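A look at the structure
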Amino acid sequence: KGAGKSTWRFYSADADMSQHALARLSWKERISQALENDGFELHFQGIYYAQTGELAHLEALLRMHDAERPGEIFMPASFIGHAEKTGKIIDIDRWVIRKAISLLAEKPAAPSIAVNVSGRSFDEPGLPEFIALELRRQGVAPERLLVELTETAAVSDLRDAQRFIDALRATGCKVCLDDFGVGFASFAYLKQLKADVLKIDGMFVRDLPNDRDSQIFVRGMVAMAHDMGKITVAEFVENQQILDMLIEFGIDQVQGYHLDRPQKFHPGLR
Ligand code: C2E
Ligand code: MG
Ligand code: MG
Ligand code: MG
């Protein structure tokens, strides 16, 4: 279809046919296979203290192997949406949580790990219990696990998000509101969503040097979050100029390509 409406493709014999058949695997099948065949892996990116440059914790970012193109991986942007639509995200989120906790159990001296949880997991009432159980089963202190949920997801489902956050914090996990600032209603809801950490969306951070509105916004966000006793993080810190501005604004922690890239074997986990 991508080649245009009037284009026809003919598939001859074996190799082409099997490729054609594989290409028609649905996302649901692809994701199910990856869950069964160890097709997912976590990469890690550091979150650093802005002042000292010391590693604060790591964020786990999901990658999926492409069974149809060995050696290639899918980024979350290409499969998370399908996983949410098909409901597979519930299994994915659980896999990520269990994996992160097992890493923490394996490496008692490792820094805390943040995992991303989809908004689709809020209306799954068992998730906080699952997390608490895994932590206990694997003997990991709850405060070593951070759970990130996006502001947009939280605001679109405020009641469930609130319940989810409260349950998580009751188990001792830390909660981070991710991609903060894109959901327009931010300010009104911030008080109700009792997150420990507020991560300002990269869109505002990336534009800092050239965009006065972003400067005003980020400065204001940091001040407001601090007044509410929350830790502030900026993502998409791509150069020294951005880092310098953020330090001037009083940001607590930074994440981005200027510091490091997501990687399978992060030095912080050695
Ligand atoms: P996010 O949680 O906001 O993660 C930050 C994304 O920005 C990551 O993309 C990261 O690789 C990228 N990034 C980090 N520093 C920079 C930078 O300096 N510049 C730029 N341009 N990008 C930077 P990634 O890994 O592709 O993940 C995209 C999104 O997919 C994540 O956004 C998160 O919402 C979602 N996601 C990732 N892993 C998981 C997961 O395990 N479960 C769920 N439910 N969602 C996930
Ligand atoms: Mg995140
Ligand atoms: Mg983010
Ligand atoms: Mg983002």
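Scroll up for the structure.
Cut-offs used in this document
Residues numbered from 1 in each chain as written. Chains lettered and ligands numbered in written order. Predicted model: local features only at pLDDT ≥ 70, side-chain atom pairs only at ≥ 80, totals over all residues. Heavy atoms only, no water. Donors = N, O, S within 2.8 Å, 3.2 Å for Na, K, Ca; no water. Helix = DSSP H or I, 4+ residues; strand = E, 2+ residues; numbered from the N terminus. Buried < 20%, exposed > 50% of the residue type's maximum accessible area, 1.4 Å probe, protein only. Disulfide = S-S within 2.5 Å. Near = heavy atom within 4 Å. Polar contact = N/O pair within 3.5 Å; in protein donor to acceptor, adjacent residues only side chain to side chain. Areas by Shrake-Rupley, 256 points an atom, 1.4 Å probe, with all protein chains shown as cover. Salt bridge = Lys/Arg side-chain N within 4 Å of Asp/Glu carboxyl O. Pairing = 2+ DSSP bridges. Phe/Tyr/Trp six-rings, centres within 6.5 Å; stacked < 30°, edge-to-face > 60°. Lys NZ or Arg CZ within 6 Å of the ring centre and 35° of its normal.

1. Things to note about the coordination of the magnesium ion (ligand 4)
Coordination of the magnesium ion (ligand 4) by the protein is provided by Asp-179 (OD) and Glu-235 (OE), with metal-donor distances spanning 2.5 Å. Between the two metal centres, the magnesium ion (ligand 4) and the magnesium ion (ligand 3), the spacing is 3.1 Å, with Asp-179 acting as a shared donor. Of this pair, Asp-179 sits in strand S6 (residues 174-180) while Glu-235 sits in the loop between strand S8 (231-234) and helix H11 (240-249), and the two are 56 residues apart along the sequence. On the basis of relative accessibility, which here comes to 10%, the residue Glu-235 falls in the buried class.

2. Focus on the coordination of the magnesium ion (ligand 2)
Binding of the magnesium ion (ligand 2) to the protein goes through Glu-59 (OE), Asn-116 (OD1), Glu-148 (OE) and Asp-178 (OD), at separations of 2.0 to 2.2 Å. If you list the donors of the magnesium ion (ligand 2) from N- to C-terminus, the spacing comes out as E-x56-N-x31-E-x29-D. In this structure, the magnesium ion (ligand 2) lies 4.0 Å from the magnesium ion (ligand 3), and both are coordinated by Asp-178. With Glu-59 in strand S2 (residues 55-65) and Asn-116 in strand S4 (residues 112-116), this pair connects stretches of sequence that are 57 residues apart.

3. Observations concerning the state of the cysteines
In total, this model carries zero disulfides according to the counting rule given. No disulfide involves Cys-173; its sulfur sits 13 Å from that of Cys-176, the nearest cysteine.

4. Thoughts on the site of ligand 1
Taken together, 24 residues lie around ligand 1, and Arg-63, Asn-116, Asp-178, Glu-238 and Tyr-257 are the ones closest in. Residue Glu-59 places a side-chain N or O atom 3.1 Å away from an oxygen atom belonging to ligand 1. Within the side chain of Asp-179, an N or O atom sits 3.0 Å from an oxygen atom of ligand 1. For ligand 1, the protein covers 85% of the area, taking 810 Å² as the surface of the free molecule.

5. Thoughts on the pattern of salt bridges
Scanning the entire structure with this criterion turns up 13 salt bridges. Between Glu-134 and Arg-98 there is a salt bridge; the shortest N-O distance is 3.5 Å. Pair noted here: Glu-134 is in helix H5 (residues 127-138) and Arg-98 is in helix H4 (residues 89-106), with a separation of 36 residues, a long-range link. The exposure class of Glu-134 is buried, given its relative accessible area of 6%. Exposure remark for Arg-98: the relative accessible area of 38% places this residue in the partly exposed category. Among the ionic pairs, Arg-137 bridges to Glu-134, the shortest N-O distance being 2.7 Å. Pair noted here: Arg-137 and Glu-134 are both in helix H5, with a separation of three residues, about one helical turn.

6. Regarding the pairing of strand S1 (residues 40-49)
The element S1 is largely enclosed, with a buried count of nine among its ten residues. Taken together, the nine bridges between S1 and S2 define a ladder with antiparallel strand orientation. Along S2, the bridge assignment pairs Gln-45 with Glu-59. As consecutive antiparallel partners, S1 and S2 are separated by five residues, and within that stretch Gly-53 has a phi angle of approximately 80°, a positive value. Relative to strand S9 (residues 253-254), S1 runs antiparallel, the two sharing two bridges. By the bridge assignment for S9, Tyr-48 is matched with Val-254.

7. Describing the side chain of Ser-32
Inspection of the secondary structure puts Ser-32 in helix H2 (residues 27-36). A distance of 2.8 Å separates the side chain of Ser-32 from the backbone oxygen of Lys-28, its partner in a polar contact.

8. Considering the packing of aromatic side chains
Describing an aromatic ring pair means giving the distance of the ring centres and the angle of the ring planes. Across all of its chains, the model carries five aromatic pairs by this definition. With centroids separated by 5.2 Å and ring planes inclined at 35°, the aromatic side chains of Phe-122 and Phe-164 adopt a geometry described as tilted. Here Phe-164 lies in helix H7 (residues 158-171) and Phe-122 lies in the loop between S4 and H5, a separation of 42 residues in the sequence. When its relative accessible area of 5% is taken as the criterion, Phe-122 is described as buried. Their ring planes at 25° and their centres at 4.4 Å tell us that Phe-204 and Phe-217 sit as a pair that is stacked. Note that Phe-204 is positioned in helix H9 (residues 202-206) and Phe-217 in helix H10 (residues 212-227), a separation of 13 residues in sequence. Judged on exposure class, the residue Phe-204 and its partner Phe-217 are both buried. Of note, Arg-30 hangs over the ring of Trp-27, and the distance from its end group to the ring centre comes to 4.5 Å. The ring centre of Tyr-257 lies 3.8 Å from the NZ or CZ of Arg-261, which sits over that ring.

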